[in-house]
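The lines below spell out each chain.
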Amino acid sequence: MNDSQIENTNEELNKLYSLRKEVINSLIPDMEKIEGVDEERKVEIYMTAARITNNSSLISLAYGAAKNISDTVARAEALIDIIQEANYAINKLENNRPL
């Protein structure tokens, strides 16, 4: 890979990062307004956004959606996913904490 390709790759990565952030910032405020999206799907969307942004408020939104899942098994699975995501975020933050 030559320098020109590396520059183009970095430029494309920056564009994609920016686009992803913009899409998340557009999507999340509208989630509660969107009709027809079931709570399980909301959990998935919030968790995806939380993984990308490391934003604990998105994990809280996922938890709120999970509490509204009527099927006990599906709710339990969503809650387990939320616990795992919170643990991952905690570990990531603790490992980046200065000593």
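Preceding this section is the structure that the text describes.
Keep in mind it's a predicted model, so treat the numbers as computed, not measured.

Here is what the cut-offs are and how they apply
Residues numbered from 1 in each chain as written. Predicted model: local features only at pLDDT ≥ 70, side-chain atom pairs only at ≥ 80, totals over all residues. Heavy atoms only, no water. Patch = residues over 30% accessible without salt bridge, like charges linked within 9 Å, V, L, I, M, F, W, Y side chains within 5 Å. Areas by Shrake-Rupley, 256 points an atom, 1.4 Å probe, with all protein chains shown as cover. Salt bridge = Lys/Arg side-chain N within 4 Å of Asp/Glu carboxyl O. Lys, Arg positive; Asp, Glu negative; His and termini not counted. Charge placed at Lys NZ, Arg CZ, Asp CG, Glu CD. Helix = DSSP H or I, 4+ residues; strand = E, 2+ residues; numbered from the N terminus.

Colleague: Where do I start with a negative patch on the surface in this structure?
Modeller: On the surface, Asp38, Glu40, Asp71, Glu77 and Asp81 cluster together into a patch of negative charge. Note on placement: Glu77 falls in helix H4 (residues 72-96).

Colleague: Which parts of the structure should I look at to understand the pattern of salt bridges?
Modeller: For side chains bearing opposite charge, pairing can occur when the charged atoms are close. For the structure shown, the criterion picks out 6 salt bridges. One salt bridge in this structure joins Glu11 and Lys15, with 3.7 Å as the shortest N-O distance. Note that Glu11 and Lys15 are positioned in helix H1 (residues 3-27) at a spacing of 4 residues, about one turn of the helix. In this structure, Arg51 and Glu85 form a salt bridge, with 2.9 Å as the shortest nitrogen-oxygen distance. Taken as a pair, Arg51 in helix H2 (residues 39-53) and Glu85 in helix H4 lie far apart in primary sequence, 34 residues in all.

In short, geometric facts, not functional conclusions.
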